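As a plain string of letters, each chain reads:
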Amino acid sequence: MFTLALCRPGATCRLRHGWDRCQACSCRGFSTTAGQGQQVGLQEKQVGADLEMPVARREAETLFQERPEPGNQYLEDALLRSYLEAHLPPKVLEEVSQELEGFGNRLLSKIGPLGWECELNPPVFRQYDAWGQRVDHIVTCSAWKRMKEIAAEEGLIAEAYERRYSNWSRVHQAVKLYLFSTASGGFNCPLAMTDGAAKVIESLGVPASLRNAFDRLTSRDPRKFWTSGQWMTERRGGSDVANGTETVARKQPDGTYHLYGFKWFTSAADSDMALTLARIEDAEGRVKQGSGGLSLFFLRVRDEEEKLNGIQVQRLKAKLGTRQMATAELWLNGAKAELISAEGRGVASISNMLNITRIHNVIGAVASMRRMISLSRQYALKRVAFGKLLKDHPLHMQTIARMEVQTRGAFLLLMEMARLLGLAETNMASEQDQLLLRLLVPVAKLYTGKQASAVAIEAMESFGGQGYMEDTGLPVIVRDTLVLSIWEGTTNVLSLDVLRSLTKSRGQAMAVFFSTVQNKLESAWSSAELQAAAQSVQDAAGRLARFCRGAASEGAAPMELAARDFSYSLARIYAGALLIEHAARPGSSRLDVCAAQRWCRQELCPAAAEMENGSYSAEESTLDGALVYDGSPAGSRL
């Protein structure tokens, strides 16, 4: 049983971050930060007095629970600060730390409230004007527009391309986006696609025809800054773009193309431009099927007169989460576009965009985990249950600590990818670094997407009934987190992508993976506290190597069945090595060591464990289908 906050009837709560401000309600609570025993007693007496008071005389505004009030996100994130201190050059660290502290203050005072306004005022689609003329206008709130300006002012995209901190610029950008994500009111999504589009254009050498677009995507001037869409999903499929893309491109006499097709799911449909895939028609109107028939195009969403560029908006999607952002179904009916890839090389050209957006997905996942834990631990300092604060209930603290360990592993995976990407973009990456980055991106995306959902739901439960209340803002974070295992490729799709990357590298990627893990463990062998954890990671890596040899001898089918468990094994082993490396550095804390030890207590190589159980045999695969369709008409045909 739980007690809900009471608000004046008819009042509307508008809470900063869903918690920090209540404009229509007068809130009263009790401090528990000093004199805990006395304060708990006072709180219980006050609640008891309120309950004994006649209902007519009771204050309607009284809150029986105190809201959590996290402070500056940068200053309160010990792992983030210790990572930067361990890796950034001293001069860079000094400048970045000062900037991030200021950014943390801006998030708390300005950006967070705007993010909540975006949640309260989702986009609206106005298809016709008052006179019956079709306008297809997507109306967004002023807070959403202001968020775009802030993104430019803070250089959330520009930072990566100015490279003022050389190879550390991507780490700097990733940290700012990580802090920004859960306060952004969903604006982190268009930024992901904007970064991806800029990366594609840069990888093409910034052709003269795309110079204006690139400069706008990477601008710090709010008046010039553009965001980009990524229009890939069509009616016949999501991740299967090779077989699901029906949009065609017809060449015009001036060398441009007109696009015709239906884009089923376009996030941030209010963006200024988009990159999209289409099949080029030949003179007879024929197109080439498969991935070899796809080419990449650039288009402006609106023309110079601000009219839609041969685009009709069918409707906005009714989504479980990310409601702050306009996601639409679009008809392309002669949209003017420019071919920017070699003909038939669209998938290869857009792969840079996918790598960037997947890294952004990891940023969002880790940020959601950190935000939920931050709220949970603050709440535990204030909420009294069964005569004492939640922080004094050992089981409650154990639950939050387990979430913290998962978040730390995910955070270090994110920083490792950002570090490697920074090296690659400044021509400082070795061949081994590039192979490792190619492997880690899908691994980290799929694993952190699952982690984030689990942590968000567990953290929501830590608030009891309050966690289920919309005006706390917690359900918003949970809903927005659930999409992270779907965006940019589902868990199974990316698990198969991991296998393809290994096949393409002819075993080199796995060799680099194993050698890197071993190198990261080196500094731990001299630490009595870390030896057992290092041994666990080393043993798991050995089991994974044996698994690879065994699976290879049995053909492709068992490996495909094992793809998800195999990817989980890669993530857990590598994150374990990163946690151990961080804990073994000079100046590490006892809690760094504790986190590494606890991470390594879990099953680090589920692929080997499941193979030992016979889970990947042909017989087990047949039984999978039988179990799924037991009792259905399809089951009789298995």
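Everything below is about the structure shown above.
Residues numbered from 1 in each chain as written. Predicted model: local features only at pLDDT ≥ 70, side-chain atom pairs only at ≥ 80, totals over all residues. Heavy atoms only, no water.

> Just to check I follow, could you spell out the overall build of the chain for this structure?
Of regular secondary structure, the chain possesses 21 helices and twelve strands. A total of 638 residues make up the chain; the buried ones form 54% of that total. Taking all contacts inside the chain whose residues are at least 6 apart in sequence as the whole, residues at least 24 apart take part in 74%. With the model as given, the accessible surface of the chain reaches about 27,900 Å², and the carbon-plus-sulfur share is 51%. (Helix = DSSP H or I, 4+ residues; strand = E, 2+ residues; numbered from the N terminus. Buried < 20%, exposed > 50% of the residue type's maximum accessible area, 1.4 Å probe, protein only. Contact = heavy atoms within 4.5 Å. Areas by Shrake-Rupley, 256 points an atom, 1.4 Å probe, with all protein chains shown as cover.)

> Whenever I open this one, helix α13 (residues 474–482) confuses me. Can you help?
Structural remark: α-helix, 3.6 residues per turn; residues separated by three or four positions point the same way. With eight of nine residues buried, α13 is to be regarded as a mostly interior element. Within α13, the full set of buried residues consists of Leu474, Pro475, Val476, Ile477, Val478, Arg479, Asp480 and Thr481. Buried residues along α13 sit in contact with α3 (90–120), α10 (346–380) and α12 (431–461).

> Would you explain the packing of α10 against helix α11 (residues 394–425) in this entry?
Axis angle and axis distance: for two packed helices, these are the angle between their axes and the distance between the axes, and together they describe the pair. α11 packs onto α10 with a crossing angle of 150° between their chain directions and a minimal axis gap of 9 Å. For the element pair α10 / α11, the angle class is roughly antiparallel. Crossing of α10 against α11: the hand is left-handed. Broken down by class, the residue content of the contact of α10 with α11 amounts to 16 nonpolar, four polar and four charged. (Axes fitted to C-alpha atoms, helices over the stretch in contact; angles between N-to-C directions. Parallel < 35°, antiparallel > 145°, perpendicular 65-115°, else oblique. Left-handed = near helix turned anticlockwise from the far one by under 90°. Nonpolar A, V, L, I, M, F, W, Y, C, P; charged D, E, K, R; others polar.)

> Can you walk me through the packing of aromatic side chains in this structure?
In this description, an aromatic ring pair is defined by two values, namely the gap between the centres and the angle between the planes. Summed over the entire model, instances satisfying the criterion amount to 13 aromatic pairs. Between tyrosine 379 and phenylalanine 463 the ring centres are 4.7 Å apart and the planes differ by 35°, which places this aromatic pair in the tilted class. Here tyrosine 379, found in helix α10, pairs with phenylalanine 463, found in the loop between α12 and α13; they are 84 residues apart in sequence, far enough to count as distant. Using a relative accessible area of 2% as the deciding quantity, one classes tyrosine 379 as buried. By relative accessible area, phenylalanine 463 is classed as buried at 3%. A connected cluster of aromatic rings, assembled from ring pairs, spans Tyr83, Tyr178 and Phe411. The ring of tyrosine 260 carries arginine 250 above its face, with NZ or CZ at 4.3 Å from the centroid. Above the face of the tryptophan 264 ring, lysine 317 is positioned so that its terminal group lies 3.4 Å from the ring centre. (Phe/Tyr/Trp six-rings, centres within 6.5 Å; stacked < 30°, edge-to-face > 60°. Lys NZ or Arg CZ within 6 Å of the ring centre and 35° of its normal.)

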